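Residue-level structure breakdown
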Amino acid sequence: MALIVQKYGGTSVGTVDRIQAVAQRVKATVEAGNSVVVVVSAMGKTTDSLVKLANDITDQPSRREMDMLLSTGEQVSIALLSMALHSLGQDAISLTGAQVGIVTEAEHTRARILTINPERMQRHLAEGKVIVVAGFQGISQTTDLEITTLGRGGSDTSAVALAAALQADKCEIYTDVPGILTTDPRLVPEAQLMEEITSDEMLELASLGAKVLHPRAVEIARNYGVTLVVRSSWTDEPGTRVISPQPQPRPLEGLELANPVDAVEFDTDQAKVALLRIPDRPGIAARLFGELANQDLNVDLIIQSIHEGNTNDIAFTLVRSNLNRAEAVAEAIAPALRSNPTDTTQAEVMVDTNMAKISIAGAGMIGRPGVAAMMFLTLAEAGINIQLISTSEVKVSCTIDAKDCDRAIAALCQAFEVTSSPRPQSASENTSLASTQTTPVVRGAALDTKQAQVAIRHVPDQPGMAAKIFQLLANNGVSVDMIIQSQRCRLVNGHPTRDIAFTVAQADARLARELMEQAAQELGFGEVVVNEAIAKVSVVGIGMIYAPGVAARMFKALSEQGINLQMIATSEIKISCVVDESEGVKALQAIHSVFGLAGTKAVVVPA
Ligand code: ADP
Ligand code: ASP
Ligand code: MG
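Chains are numbered independently. Their residues run from 1 in the order of the written sequence. Chains and ligands are labelled sequentially in the order written, the chains with letters from A and the ligands with numbers from 1. For this predicted model, a pLDDT threshold of at least 70 governs which residues receive local features, and a threshold of 80 or more governs which side-chain atom pairs are given and counted, while totals over whole chains, interfaces and linings are taken from all residues. Calculation of side-chain values draws on the structure's entire complement of heavy atoms; hydrogens and water are dropped beforehand.

**Examining the site of ligand 1**
By nearness alone, 16 residues border ligand 1, and Thr 175, Asp 176, Leu 181, Asp 184 and Arg 186 come closest of all. Polar contact is the term for a pair of N or O atoms within 3.5 Å; when the atoms are in protein, one must be able to donate a hydrogen and the other to accept it, and sequence-neighboring residues count only if both atoms are side-chain atoms. Within the backbone of Leu 181, a nitrogen or oxygen atom sits 2.9 Å from a nitrogen atom of ligand 1. In this structure, an oxygen atom belonging to ligand 1 sits 2.7 Å away from a side-chain N or O atom of Arg 186. Burial of ligand 1 by the protein chains amounts to 91% of its free accessible area of 570 Å². A breakdown of the residues in the shell around ligand 1 according to their chemical character gives six nonpolar, five polar and five charged. What makes a residue near a molecule or strand is one non-hydrogen atom of that residue sitting within 4 Å of it. Methods summary: accessible areas were calculated by the Shrake-Rupley approach with a probe of 1.4 Å, and residue burial reflects only the protein chains presented. Polar here means any residue other than Ala, Val, Leu, Ile, Met, Phe, Trp, Tyr, Cys and Pro, which are nonpolar, and Asp, Glu, Lys and Arg, which are charged; Gly is therefore polar.

**With respect to the packing of aromatic side chains**
Each Phe, Tyr or Trp ring (for Trp, its six-membered ring) is paired with any other whose centre lies within 6.5 Å, and the angle between the two planes then decides the class: stacked below 30 degrees, edge-to-face above 60, tilted in between. Summed over the entire model, instances satisfying the criterion amount to five aromatic pairs. Consider the rings of Phe 289 and Phe 555, whose centres lie 5.5 Å apart with planes at 70°: the pair is edge-to-face. Placement of Phe 289 in helix H8 (residues 284-294) and of Phe 555 in helix H15 (residues 550-560) is noted, with a sequence separation of 266 residues between them. Side by side, Phe 289 and Phe 555 carry an identical accessibility label, which is buried. Their ring planes at 75° and their centres at 5.3 Å tell us that Phe 470 and Phe 502 sit as a pair that is edge-to-face. Placement of the pair is Phe 470 in helix H13 (residues 465-475) and Phe 502 in strand S26 (residues 495-505), with a sequence separation of 32 residues. For the exposure calls, accessible area comes from a 1.4 Å probe over protein chains only, and a residue counts as buried if that area is under 20% of its type's maximum, exposed if over 50%, partly exposed in between. The class of Phe 470 is buried, set by a relative accessible area of 2%. Three or more aromatic residues link up through ring pairs in this structure, and these residues are Phe 289, Phe 316 and Phe 555. Labels follow the DSSP assignment, with helices taken as runs of H or I lasting at least four residues and strands as runs of E lasting at least two, numbered in each case from the N terminus.

This is how it looks when you write it as structure tokens:
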């Protein structure tokens, strides 16, 4: 007899009819010989309506009262589903997060799960009952037993956490699409279903805007080796498997608070090429990386920060043995970038062979603003200056002087209590997780339109500045997403400075600006520029680690649509570009099509 955790999202329990259909499926699963724990979301758009009610009263509701309010939505659906099961003759009991023992930290509206006490659930399962659990909520450990919620979309996380705690055989996420698709079918109807995806890829996609799975649910599945599938509520199709490597055994204590960083990675075999003062217009990145790809030169990090006047800088790193050829490509292109006679820009190529790339990696850093800050602080305390910074949701990479590498590794390993590994997992190790022979270079694409960009001009180029900035944001609960530190060093009053740009949730943009403006004088930096009208488009795929030309194809597709790239950041398995908000959907459609992700059959999404 297997133990299965099933989770049904809002649309799947949106009406009484649908709740009855869910009850039928649950009963059928029991009749097939399984024990079942069901996690449900609030009906339809209930949570959104509750948020609106609160906002009609105040634009700054207390986070505690928000939890009190939003947690009611799920309580309605568990009672109704339980009744629907009873009327089918199936024994069932509904329980809130607190009643099933989901203990969280006391961080209202974004609590992480500390532990789960499975005893009561085990007792009811032994009695032959189906347990219907309210998703998205828990109870704080404090003496006051506060109701908490896990953050929007958090029912997925409740389900996977329960599956981990009960050592369930499987966790099935039932939703309104056939499974995980190459992108959001509401934006690109030709999106195709995937049979499987690795948890590393899904983590990136989920954090980059693919809302089909809550990123923290993927993190838990990966950490605890939970067998996870995403399927349609309306059909019996198998859906998509999310594949995780065999995990190290770990306790349930600190379920979501375990060490946020899994490894410190370094690469001392890289060199950097930077093109300074290239024109800020569509097609430039496409041309540069297109030419590098033609020469079969595989680039690793690509960083383009915000523009300065009408020019930009792009920097990239690659294996040192390819440096001469890459430099030749850059030198050959640079003069041509001065395409019209009135163009006053003067592109310049710089190379650096005395560098090392050092990264911290781990899914636990998602939504934890202090982790990047801690890395920068650790490096600052060791007196190490950071050159480039590029982040993904699960990794922060910095380039530093090669002579500092050993000290940086030692300091970071100590700070994060992990061991170091020279390189990220190789593509072959990663792809061996997927059973398909031909792992696609790009697995999926995502769009995030809920971010704002913050740029700080002329930050003094000295150890400790990034640490101060991101610590200040972290202390105020602002999660930073993509961080980019530019290549260009400019002298201001005789001192070298660099620009730092990052993205934050739009809801945090005002606070981020205020914090930065308040700190500007003390920390000695220039203007703070905020742009809310941005969109981030990304592609993700493990296959891109060793496939040259992926960035070039992405940039070319965007330039063919006349879309200008405002920022670029890459990690081993993803490339993200910030574009104007009004061009976000067009950009997503263009990159989805250029990587051949489109299918012939449009996915129909229920209203
Ligand atoms: P639920 O209420 O079941 O949790 P969500 O609305 O949270 O459902 O997530 C499902 C939605 O995620 C889909 O309807 C789809 O619009 C969106 N989505 C975004 N990206 C993807 C993707 N890559 N694959 C599938 N769905 C996606
Ligand atoms: N009802 C919550 C929300 O809408 C949690 C969830 O559905 O996952 O965010
Ligand atoms: Mg959801």
